[in-house]
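So the chains spell out like this:
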Protein chains: 2
Amino acid sequence: MAKDKKLVEAITSMEEDFAQWYTDVVKKADLIDYTSVKGCMVIKPAGYAIWENIQHELDRRFKETGVENVYLPMFIPESLLQKEKDHVEGFAPEVAWVTHGGLEPLQERLCVRPTSETLFCDLYSREVQSHRDLPKLYNQWCSVVRWEKTTRPFLRSREFLWQEGHTAHATAEEAEERTIQMLNVYADFCEEVLAIPVIKGRKTDKEKFAGAEATYTIESLMHDGKALQSGTSHNFGDGFAKAFGIQYTDKENKLQYVHQTSWGMTTRMIGAIIMVHGDNSGLKLPPRIAPVQAVIIPIQQRKEGVLEKAAELNAVLKAAGIRVKTDDTDKSPGFKFAEQEMRGIPVRIECGPKDIEANQAVVVRRDTREKITVSLDELAEKVQEILDSIQHDMLESARAHRDAHTYVAHNYEEFVQTINEKPGFIKAMWCGCQECEDKIKEDTAATSRCIPFEQEQLSDTCVCCGKPAKKMVYWGRAY
Amino acid sequence: MAKDKKLVEAITSMEEDFAQWYTDVVKKADLIDYTSVKGCMVIKPAGYAIWENIQHELDRRFKETGVENVYLPMFIPESLLQKEKDHVEGFAPEVAWVTHGGLEPLQERLCVRPTSETLFCDLYSREVQSHRDLPKLYNQWCSVVRWEKTTRPFLRSREFLWQEGHTAHATAEEAEERTIQMLNVYADFCEEVLAIPVIKGRKTDKEKFAGAEATYTIESLMHDGKALQSGTSHNFGDGFAKAFGIQYTDKENKLQYVHQTSWGMTTRMIGAIIMVHGDNSGLKLPPRIAPVQAVIIPIQQRKEGVLEKAAELNAVLKAAGIRVKTDDTDKSPGFKFAEQEMRGIPVRIECGPKDIEANQAVVVRRDTREKITVSLDELAEKVQEILDSIQHDMLESARAHRDAHTYVAHNYEEFVQTINEKPGFIKAMWCGCQECEDKIKEDTAATSRCIPFEQEQLSDTCVCCGKPAKKMVYWGRAY
């Protein structure tokens, strides 16, 4: 059992050091490997398979709303990046520059895309002529680069994978509708698939995207009480259209500017899954996103008939549409149990000679560790039921944790004390001035996470300056 | 009908100017758009959907052989690229270099991956310790950059999309087996899905991949008689393993070097589809790869019941698993027909008031233009049958074209005359010396495409130098 212990002991407990726990899980669950380029990581099979499932689920939802996929170049000429003033100011300090192609210097530097608004605008300026060409509903799956100073796997890396949707519409109303529609797609995806409850709202002007008129966000709460921006949807109005000259002739034959949106979700959601659901035994994957939903672990596998039965059960579960693997390696069962827990596989199915004799198997839930004895005659349907329960319970458990760590602050003293003593979301009223956001950030390192769609009137005055309050805001320290 | 004509007339005929015909189809079928960065293109929805289908089909086939997907960084430090001598010599002249991150110069230049052997080797050198860690069967879907001087959409662009598989094995035999296995996956995919017949063989030393021990290839013939390298699979032996120190302890506890392979297929296959199947009316997509397999074109669509019937038929075909669209725009039927042909949709289904009265529709094949009257009661099964026939016939037609353009040359005069007068593959004997390859290339611009697995003894002497022949080789001018 020495080996089993090694696997488990190597993890720092989350209560002791959450950041180290996170790094340990990422490594021990075999999700990533580091490389010699700082801030660039290898996403290993166990990690990439989660991303493939995210892609599959999101892509299907996008296409149901009429979105089409495209691919644009990874290089943006410096002059193109500079066309929209706010946008270039937001991104120029953190882009990687290509200066040489082959053996020769380039005439104009190319930046490796940090995001592709400028390229999509350039495309739309050629593609859109008439109201018949609208709307344009494009999305691209790709990697982007932002030269961050401090990096952490999945959460903040110099290169990361994402999708970026970019749409162009005839009217401001349609653009606003699409912005909210995609935010809802993200929110539903997070709750239904990732079992992560989110707060939907609007970013303050200080926190909105460079070049956007309005940025909407979904915010989730990690186990350590820090917030994570989990997906954003931007309404650009006609700002980019004016900078790039994207115009169409309307039904009255008049020239009009289009109204645009963009929206993105990234590999940081893998970090969210880890930090919302994980525990001191490792990763805990919601069944709907888990690359392997059930692992069969044969007990006393050298005894006659055990491996054969395991193979038979595997085939039965697979035929029922369950993503199943059998671990018939020569490791000890204890080691296999620890490994299943570390990798976050939602259920393990233990089956040995005695079980076979009794025509049963023991199904162990990863989330609650509950052991459920199941007749082999109804294994597939029972396992599916258990997976459904786990999916449901993980969302409820995450919601309960978030709600238990969401506080209200009525005055500044309460605010500062709460943020320092009780990590979590703080709901508090705000006057609408950036000065208060700046002061709160300087004093507490907390930022405005969003102005939630679901407003509450907690008091009449701003938690910071005491002037009349305009909105209730969710605050928190964030990744 | 002016508009219909415009769409068709805008294409140069392939007999007049094949290169211009190709460019016209690529643009008119709405597959790509150019950008302000030379050699980098936008892959538009109609083009990207083909790539998604290629990805889906290949990915499934890879996974069936045990391959797992990963994602590695797009940046390679210059020092890492230089670790394997032949490899760096092959790629350094055509890579793009990142020299600045944010506002600061980098300590070491990073190249944007032209291919990822060096990164995979770096990973394997950390991951592989014991024979228990083998084999490693990784694949990645990504974009790569090669700073080409002359570019053409899909065929040769500075950035392109591809997959690159990289495997590590305990023995030379296993590596060779995997190399051939993946070549066969590519060959089967091309024939079964893309309806493109291929010649399987081995590259000569002159034409093999930089750093490989052996490169295997599938070669296809385009409509203009030029060859296209359509997929390659490399056996690296232990060359990279020695350069990167990738060693494992075998069952006798001895240190051994791994044996590696890599294999790739790219977006250039979209170019192959165009150039193998297209005609003067535009693109012609094999049904298995076509994003839209059938388009319903309502005739006299303003008459009562026509659009309702079209919607009903659409639902029936969709339920039967056929990828179907209805074109109910206000364009004329003639324009819609021309558009369906330009975009290469395998069948169109015409249905107007008289058809509805007769409970029938007219199905028109894109490949043969044959019109088939089908009872609406059995529309789905008949359309599926027709799609299957098209798939089959397109492969046979491409094979017949290739065979009709494959020639034999017994002596150099015959060789030169054939290559100049009859574009196509030339089968000819070869002594095995690079001097002859060089001479043939200089004299005729033809290169050795491959040493086919299916050898024929055409004569005893090399077609170029007259010395004893070792192998029969396929020669041709190539893209």
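Now for a look at the structure at hand. (Residues numbered from 1 in each chain as written. Chains lettered and ligands numbered in written order. Predicted model: local features only at pLDDT ≥ 70, side-chain atom pairs only at ≥ 80, totals over all residues. Heavy atoms only, no water.)

**As for the relation of the copies chain A and chain B**
Inference 1: Mapping chain A onto chain B is achieved by rotating through 180° and translating by 0.0 Å along the same axis, at an RMSD of 0.0 Å. Such a combination of turn and shift is consistent with a two-fold rotation axis. Minimal C-alpha separation from the rotation axis in chain A is found for valine 98 of chain A, amounting to 2.1 Å.
Inference 2: By residue overlap, the copies meet face to face through one surface: 100% of the interface positions of chain A are interface positions in chain B. (Least-squares fit on C-alpha atoms with pLDDT ≥ 70 in both. Contact = heavy atoms within 4.5 Å.)

**A short note on the sheet that holds strand E17 (residues 347–351) of chain B**
Residues and elements named next belong to chain B.
Inference 1: Taken in spatial order, the five strands line up as E16-E15-E17-E18-E19 in an open sheet, and their pairing is mixed. The open sheet has two free edges, formed respectively by strand E16 (324–326) and strand E19 (371–375), since each of these has just one partner strand. In this sheet, neighbouring strand axes are inclined to one another by 25° on average, regardless of whether the strands run parallel or antiparallel.
Inference 2: Two elements, strand E15 (residues 294–298) and E16, share three bridges in a ladder whose sense is parallel. Bridge assignment links alanine 294 to a residue of E16, and that residue is valine 324.
Inference 3: Its contacts with the sheet put helix H10 (residues 306–319) on E15, E16 and E17, and the angle it makes with E15 is roughly 165°.
Inference 4: Where helix H11 (residues 333–343) meets the sheet, its contacts fall on E15 and E17, and the angle it forms with E17 comes to roughly 165°. (Pairing = 2+ DSSP bridges. Helix = DSSP H or I, 4+ residues; strand = E, 2+ residues; numbered from the N terminus. Axes fitted to C-alpha atoms, helices over the stretch in contact; angles between N-to-C directions.)

**What to know about the side chain of histidine 401 of chain B**
Inference 1: Here histidine 401 of chain B lies in helix H13 (residues 379–404).
Inference 2: Assessed through its relative accessible area of 18%, histidine 401 of chain B is described here as buried. (Buried < 20%, exposed > 50% of the residue type's maximum accessible area, 1.4 Å probe, protein only.)

**A look at unusual backbone geometry**
All names here are of chain A.
Inference 1: At the junction of leucine 134 and proline 135, the peptide bond is cis and its omega measures out at -5° in the coordinates.
Inference 2: Notably, glutamine 300 is not glycine yet its phi reads approximately 45°, a positive angle.
Inference 3: Mapped onto the elements, glutamine 300 comes out in the loop between strand E15 (294–298) and helix H10 (306–319).
Inference 4: On the basis of relative accessible area, glutamine 300 is assigned to the partly exposed category, the value being 43%.

**Some details on the packing of aromatic side chains**
To describe a pair of aromatic rings, one takes the distance between the centres and the angle between the planes.
Inference 1: A complete count under the given rule lists 34 aromatic pairs over all chains for this structure.
Inference 2: For the pair phenylalanine 18 of chain A and tryptophan 21 of chain A, a centre-to-centre distance of 5.0 Å together with 35° between the ring planes defines the contact as tilted. Of this pair, phenylalanine 18 of chain A and tryptophan 21 of chain A both sit in helix H2 (residues 18–28), three residues apart, which is roughly one turn of that helix.
Inference 3: Judged by its relative accessible area of 11%, phenylalanine 18 of chain A is buried.
Inference 4: Classification of tryptophan 21 of chain A by relative accessible area gives buried; the value is 0%.
Inference 5: One aromatic cluster in this structure is built from Trp51, Phe62, Trp141, Tyr186 and Trp263 of chain A.
Inference 6: In this structure, arginine 348 of chain B packs its charged tip against the face of phenylalanine 337 of chain B, placed 4.1 Å from the ring centre. (Phe/Tyr/Trp six-rings, centres within 6.5 Å; stacked < 30°, edge-to-face > 60°. Lys NZ or Arg CZ within 6 Å of the ring centre and 35° of its normal.)

**Overview of the packing of H2 of chain A against helix H9 (residues 268–277) of chain A**
Residue and element names in this part refer to chain A.
Inference 1: H9 packs onto H2 with a crossing angle of 115° between their chain directions and a minimal axis gap of 11 Å. Judged by the sense of rotation from one axis to the other, the crossing of H2 with H9 is right-handed. Within the contact between the two elements, H2 uses Phe18, Trp21, Tyr22, Val25 and Val26 and H9 uses Gly271, Ile274 and Met275.
Inference 2: Per-class residue counts for the contact of H2 with H9 are seven nonpolar, one polar and no charged. (Left-handed = near helix turned anticlockwise from the far one by under 90°. Nonpolar A, V, L, I, M, F, W, Y, C, P; charged D, E, K, R; others polar.)

**Focus: the pairing of strand E6 (residues 104–112) of chain B**
Residues and elements named next belong to chain B.
Inference 1: Judged from the three bridges that link them, strand E4 (residues 75–77) and E6 form a sheet pairing that is antiparallel. For proline 77, the partnering residue across the bridge sits in E6 and is leucine 110.
Inference 2: Hairpin connection from strand E5 (residues 96–101) to E6: two residues lie between these consecutive antiparallel strands, with glycine 102 at a positive phi of about 65°.

**So, the state of the cysteines**
Inference 1: Under the definition given, this model contains zero disulfides over all chains.
Inference 2: Cysteine 190 of chain B supplies the cysteine sulfur nearest to cysteine 450 of chain B, a cysteine that is in no disulfide, at a spacing of 13 Å. (Disulfide = S-S within 2.5 Å.)

**Examining the interface of chain A and chain B**
Inference 1: Contacts between the two partners involve 52 residues from chain A, matched on the other side by 52 residues from chain B.
Inference 2: Buried area between chain A and chain B, both sides added, is near 4300 Å², and the carbon and sulfur share of it is 60%.
Inference 3: Our count for the contact surface shared by chain A and chain B stands at six salt bridges.
Inference 4: Lysine 63 of chain B is the partner of glutamate 52 of chain A in a salt bridge, and the nearest nitrogen-oxygen pair spans 3.1 Å.
Inference 5: Along the contact surface separating chain A from chain B lie 25 residue pairs in polar contact (both at pLDDT 80 or more).
Inference 6: The class makeup of the residues in the side of chain A that touches chain B is 30 nonpolar, eight polar and 14 charged.
Inference 7: In this structure, strand E5 (residues 96–101) of chain A lies alongside E5 of chain B, joined through five bridges in antiparallel fashion. (Buried area = accessible area lost by both parts, 1.4 Å probe. Salt bridge = Lys/Arg side-chain N within 4 Å of Asp/Glu carboxyl O. Polar contact = N/O pair within 3.5 Å; in protein donor to acceptor, adjacent residues only side chain to side chain.)

**Topic: the nonpolar core**
Inference 1: The biggest cluster of nonpolar side chains holds 142 residues, and the ones touching the most others in it are Phe75 of chain A together with Phe75 of chain B.
Inference 2: Among residues more than four places away in sequence, those in contact with phenylalanine 75 of chain A are Val98, Leu110, Cys111, Val112 and Leu119 of chain A together with Val37, Cys40, Ala96, Val112, Val145 and Trp147 of chain B. (Core = buried A, V, L, I, M, F, W, Y, C linked by side-chain atoms within 4.5 Å.)

**Considerations on the sheet that holds strand E23 (residues 471–476) of chain B**
Residue and element names in this part refer to chain B.
Inference 1: Taken in spatial order, the 11 strands make up an open sheet running E3-E7-E8-E14-E11-E10-E9-E22-E23-E21-E20, and their pairing is mixed. Of all strands in the sheet, those with a lone pairing partner are strand E3 (68–69) and strand E20 (406–408), marking the two edges.
Inference 2: Together, E20, strand E21 (425–430) and E23 form the strand contacts of helix H14 (residues 412–421), whose direction differs from that of E21 by roughly 160°.

**Quick word on the packing of helix H3 (residues 45–64) of chain A against helix H7 (residues 172–192) of chain A**
Residue and element names in this part refer to chain A.
Inference 1: The interhelical angle for the contact between H3 and H7, taken along N-to-C directions, is 140°, at an axis separation of 11 Å. The angle between H3 and H7 places the two elements in the oblique class. Regarding H3 and H7, the two cross each other, and that crossing is right-handed. Facing Ile54, Glu57, Leu58, Arg61 and Phe62 of H3, the residues of H7 in contact are Met182, Val185, Tyr186, Asp188, Phe189 and Glu192.
Inference 2: Considered class by class, the residues forming the contact of H3 with H7 number seven nonpolar, no polar and four charged. (Parallel < 35°, antiparallel > 145°, perpendicular 65-115°, else oblique.)

**Observations concerning the side chain of aspartate 367 of chain A**
Residues and elements named next belong to chain A.
Inference 1: Topologically, aspartate 367 is positioned in the loop between strand E18 (360–365) and strand E19 (371–375).
Inference 2: Residue aspartate 367 is classed as buried on the basis of its relative accessible area of 15%.
Inference 3: Side-chain polar atoms of aspartate 367 contact the side chain of arginine 365, separated by 2.7 Å.
Inference 4: Setting aside its immediate chain neighbours within four residues, aspartate 367 contacts Lys284, Ile390, Asp393 and Met394.

**Concerning the pattern of salt bridges**
Inference 1: All told, the structure shown has 70 salt bridges over all chains when counted by the stated rule.
Inference 2: The closest approach of N and O atoms between glutamate 396 of chain A and arginine 399 of chain A, which form a salt bridge, is 3.5 Å. Highlighted residues: glutamate 396 of chain A and arginine 399 of chain A, both in helix H13 (residues 379–404), separated by three residues, approximately one helical turn.
Inference 3: The exposure class of arginine 399 of chain A is partly exposed, given its relative accessible area of 24%.
Inference 4: Via salt bridges that share partners, Asp30, Lys44 and Arg343 of chain A together with Glu127 and Lys136 of chain B belong to a single interconnected network.

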